[in-house]
Each structure stands twice: as C-alpha cells, then as structure tokens.
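A look at the structure
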Amino acid sequence: MNKNNELLNAIDYLEKEKSIPREVLIETIEAALITAYKKNYNSANNVRVELNMDNGAYRVYSRKDVVEEVMNPRDEVSLEMALESNPAYEVGDIYEEDVTPKDFGRVSAQAAKQAVMQRLRDAERGILYNEFIDKEDDIMTGIIDRVDHRYVYVTLGKTEAVLSEAERSPNEEYRPTERIKVYVNKVEQTTKGPQIFVSRSHPGLLKRLFEQEVPEIFDGTVIVKSVAREAGDRSKISVYSENPDIDAVGACVGAKGARVEAVVEELGGEKIDIVEWSGDTKTFVKNALSPSQVVDVLVDEANQSTTVIVPDYQLSLAIGKKGQNARLAAKLTGWKIDIKSETDAKEAGIYPVE
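Residues numbered from 1 in each chain as written. Predicted model: local features only at pLDDT ≥ 70, side-chain atom pairs only at ≥ 80, totals over all residues. Heavy atoms only, no water.

1. A few points about the environment of Ala123
Note that Ala123 resides in helix α4 (residues 104-133). Judged by relative accessible area, Ala123 falls into the buried class, the value being 12%. Residues within four places of Ala123 in sequence aside, it is in contact with Lys18 and Ile20. (Helix = DSSP H or I, 4+ residues; strand = E, 2+ residues; numbered from the N terminus. Buried < 20%, exposed > 50% of the residue type's maximum accessible area, 1.4 Å probe, protein only. Contact = heavy atoms within 4.5 Å.)

Have a look at this one:
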C-alpha cells in the first residue's frame with residue numbers, strides 16, 4: 001500500500017503533544033477503517049484491519065471460522081480449504097485472508113484522517129474539561145464577548161463561559177470587550193466540549209475576591225468561616241484567626257480600608273460587613289447584626305433559634321431595610337433570628353431573664 005507519512009506524523013503529534021497513547025490512536029484508526037471497508041465494499045464479513053506503523057500502509061483481512069461443513073459461506077470456511085493455505089489449521093480456528101481492495105488507499109486515507117481529527121477534537125475537549133474542572137469554585141478573569149436575552153458570553157482563554165440572568169448581579173451592566181472577574185460555578189462535559197457556567201452573584205465570588213486582596217486569608221492565617229450575600233446590594237462575611245495577636249477583621253479591612261474597598265469596587269459598590277466569627281452563639285449573632293448595637297441574645301438550642309434584644313432606637317437598624325440586615329445575619333450564622341426592642345421584650349415578659 002502507499003505510504004502515509006501524513007497519518008504517521010499526525011499520530012506522533014497526538015501522542016507527544018496531546019498525550020493520547022499510540023495504542024489508542026491505532027485502535028481508533030483501525031476501527032474507522034473497518035467501518036469504511038464495510039460501508040464502501042458492501043461487506044458484512046468479520047474483518048480485521050492491520051496498520052503498519054513503519055510505512056502507514058493498511059491491510060484488510062477477512063476472518064472466518066474453520067468448520068467441517070460450511071453452512072454460512074460469509075462467515076465460515078471448510079477445513080479442507082483452510083488446509084490448502086496452511087496445514088496447521090484445525091476446526092475452530094480463525095481463518096484469515098487478505099481481501100484488501102486495490103483502491104482502498106483513497107477510501108482508507110479519508111477514513112483515517114476523519115478518525116484522527118475526531119480523536120484530536122475529543123482530546124482537546126478532554127484537556128479543556130480537565131483544565132476547567134480544576135477551576136470549579138474558583139475565580140477567573142475573562143472578556144465579555146457578547147450579550148443576548150439568555151446569556152452573557154465570557155471568553156476564558158480558549159473557551160467560552162456563560163453567565164445566566166439568574167447569576168448576574170442586579171446592579172451591573174455587561175458590555176462586550178469589558179474585562180470581568182467571574183466565579184466558576186459548574187463545569188459540565190458535553191458532546192461539543194466543556195460547558196462552563198459562571199456567576200457574578202455567588203457568595204463564593206466574594207470569598208475568592210477577599211483571598212486575592214488579603215494575604216492572611218490566602219495563606220490561611222485568617223479563615224473565612226461563612227458568607228451571606230444579596231448580590232449588588234449588601235453582603236456579610238465572618239472571619240476568624242486562631243492567632244490571638246492577629247486582628248482578623250482588621251486584616252480584611254486593610255490600611256485605611258484599602259482591602260475591603262478594592263472588593264467593594266470590583267462588586268460595583270456592594271456594601272460589605274466584615275464581622276468576627278465566634279464559636280459562642282451569643283457573641284457570633286451579636287457580631288453578625290453589625291452595625292447595630294445588641295443588648296442581649298437569648299438562645300434556643302433545641303430550635304436553632306435566637307431572640308435578639310436591641311435598644312429601642314436601634315430596632316430599625318438591626319432589622320435593616322426590608323429586613324435585610326436580620327436576613328443576612330441569619331444566613332451568616334445559620335441561626336434563626338427574631339429581633340425585639342427592649343420595650344417590646346419587657347412587655348412580652350421575656351427580658352430581662354429572671
């Protein structure tokens with residue numbers, strides 16, 4: 001058969017550059033050639049294709065069972081006929097015969113090329129998927145490519161991510177060619193390659209932005225314990241350090257507020273409360289309701305709930321606009337929070353505690 005240096009070069013390239021094992025490539029090509037042979041030569045026979053890796057040539061061999069009496073000539077050959085080609089044949093052996101068509105070179109070259117190209121596409125999709133699956137729950141910088149009624153399409157390196165309406169921040173506009181930081185929410189493998197879903201509203205984006213701005217978080221000295229976020233409006237983040245000499249909140253705020261301001265700016269002016277986490281529920285809930293003052297916190301362990309007593313003049317601040325401050329504090333702490341003024345608590349007979 002004719003030499004096929006192009007095919008051999010393609011196999012070498014895929015093996016070295018795309019890390020596809022040579023055996024896998026050969027099996028793929030041989031399977032494609034079998035399909036091409038059966039399709040183009042109207043053959044349903046059991047055949048085997050052999051690829052010569054020295055010169056890129058192919059041979060097609062039909063395979064038949066050696067039997068005493070032939071019942072199906074397409075799949076069987078008599079022992080008598082088999083012995084004519086090789087006296088070692090016995091009943092039950094597989095008899096092989098070279099049936100390579102004279103013009104198979106043209107057909108096989110096309111089939112082999114298609115098989116190699118498909119394997120290349122599969123490999124590139126696999127590489128992209130492996131690259132991005134490692135970026136899940138991480139932050140990446142991309143460029144907005146286009147915007148339609150369903151998605152904002154963000155270019156991330158060699159591939160494209162989608163930002164759905166549900167994952168956008170209400171206070172942001174998205175314009176083509178703008179650079180944007182996104183949180184990689186989910187990566188799925190599809191027949192067309194990896195599908196990457198990103199977010200601008202996920203609490204994880206806030207956490208990752210603080211990791212970028214605060215070295216103490218990045219190196220683990222300061223730990224982000226929880227995040228509660230209403231994207232585009234307000235967020236709360238609780239932080240903690242096991243080192244008593246380190247001010248976890250101060251580290252996140254930064255000198256003259258520079259660190260937190262960098263995060264606020266990236267999120268389009270979203271207000272951020274940084275509070276100190278505590279293993280003591282009373283203290284943590286009190287901190288979480290910042291910036292309001294708290295008189296006392298009554299804890300109901302059985303129902304994972306708290307009643308928070310605040311000065312009368314602090315009630316609206318503690319609850320927040322449309323209940324936002326209390327809602328975020330509950331998300332941050334994982335506790336139900338019922339806020340009462342001192343006057344209401346005294347009238348209800350729940351404060352002061354006897």
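Further notes follow.
2. Describing the nonpolar core
Among the nonpolar cores identified, the biggest contains 22 residues, and Leu7, Ile29, Leu33, Leu51 and Tyr58 are the most heavily contacted of them. The dominant element in this core, judged by the number of residues it contributes, is α4, at seven residues. Residues Tyr183, Leu205, Val214 and Val224 belong to the second largest nonpolar core, which totals 21 residues. (Core = buried A, V, L, I, M, F, W, Y, C linked by side-chain atoms within 4.5 Å.)

3. A few points about the sheet that holds strand β13 (residues 296-300)
Pairing within the open sheet is mixed, and its three strands lie in the order β13-β14-β15. With partners counted over all chains shown, the strands left at the sheet margins are β13 and β15 (336-341), one partner each. The mean angle between the axes of side-by-side strands here comes to 20°, regardless of whether they run parallel or antiparallel. Helix α9 (residues 281-288) rests against β13, β14 (305-310) and β15 of the sheet, and its axis sits at about 125° to β13. (Pairing = 2+ DSSP bridges. Axes fitted to C-alpha atoms, helices over the stretch in contact; angles between N-to-C directions.)

4. Let's talk about the domain arrangement of the chain
Domain annotation of the chain identifies domain 1 (3-132), domain 2 (135-198), domain 3 (202-277) and domain 4 (282-353). Here the C-alpha centroids of domain 1 and domain 2 sit 43 Å apart. With both sides pooled, the region where domain 1 packs onto domain 2 buries about 840 Å², and carbon together with sulfur makes up 70% of that total. Of all residues in domain 1, the largest losses of buried area upon contact with domain 2 belong to Arg125, Tyr129 and Phe132, amounting jointly to 78% of the total for that side. At the boundary of domain 1 and domain 2, one finds zero salt bridges. Remark: the boundary between domain 1 and domain 2 carries two residue pairs in polar contact (both at pLDDT 80 or more). (Domains from an automatic or database assignment. Buried area = accessible area lost by both parts, 1.4 Å probe. Salt bridge = Lys/Arg side-chain N within 4 Å of Asp/Glu carboxyl O. Polar contact = N/O pair within 3.5 Å; in protein donor to acceptor, adjacent residues only side chain to side chain.)

5. Side note on helix α2 (residues 22-40)
Taking 1.5 Å of rise per residue, 19 residues should cover 27 Å, and α2 covers 27 Å from first to last C-alpha, within 8% of that figure. All of the buried residues along α2 are Leu25, Ile26, Thr28, Ile29, Glu30, Ala32, Leu33, Ala36 and Tyr37. (Expected span 1.5 Å × (residues − 1).)

6. Looking at the sheet that holds strand β6 (residues 151-156)
One closed barrel holds the five strands; their spatial order is β5-β6-β7-β9-β8, and the pairing between them is mixed. On average, each strand axis in the sheet is tilted by 50° relative to the strand beside it, whichever way the strands run. Bridge analysis of β6 against strand β7 (residues 159-164) gives six bridges, and the strand direction is antiparallel. Residue pairing in the sheet places Tyr151 in a bridge with Ser164 of β7. The strands touched by α4 within the sheet are β5 (139-147), β6, β7, β8 (179-190) and β9 (193-199), with β8 carrying the most contacts at an inclination of about 125°. Against the sheet, helix α5 (residues 203-213) makes contact with β5, β8 and β9, and its axis sits at roughly 125° relative to β8, the strand it touches most.

7. Considerations on unusual backbone geometry
In this structure, Pro291 follows Ser290 across a cis peptide bond, with omega equal to 15°. Tracing the backbone shows Pro291 in the loop between α9 and β13. Along the chain, Tyr351 connects to Pro352 via a cis peptide bond; the corresponding omega equals -5°. Tracing the backbone shows Pro352 in the segment after α12 (342-347). Even without glycine at this site, Asp137 takes up a positive phi of about 70°. With a relative accessible area of 37%, Asp137 lands in the partly exposed category. One non-glycine residue, Lys322, lies in positive phi territory at about 55°. Tracing the sequence through the fold places Lys322 in the loop between α10 (315-319) and α11 (324-333).

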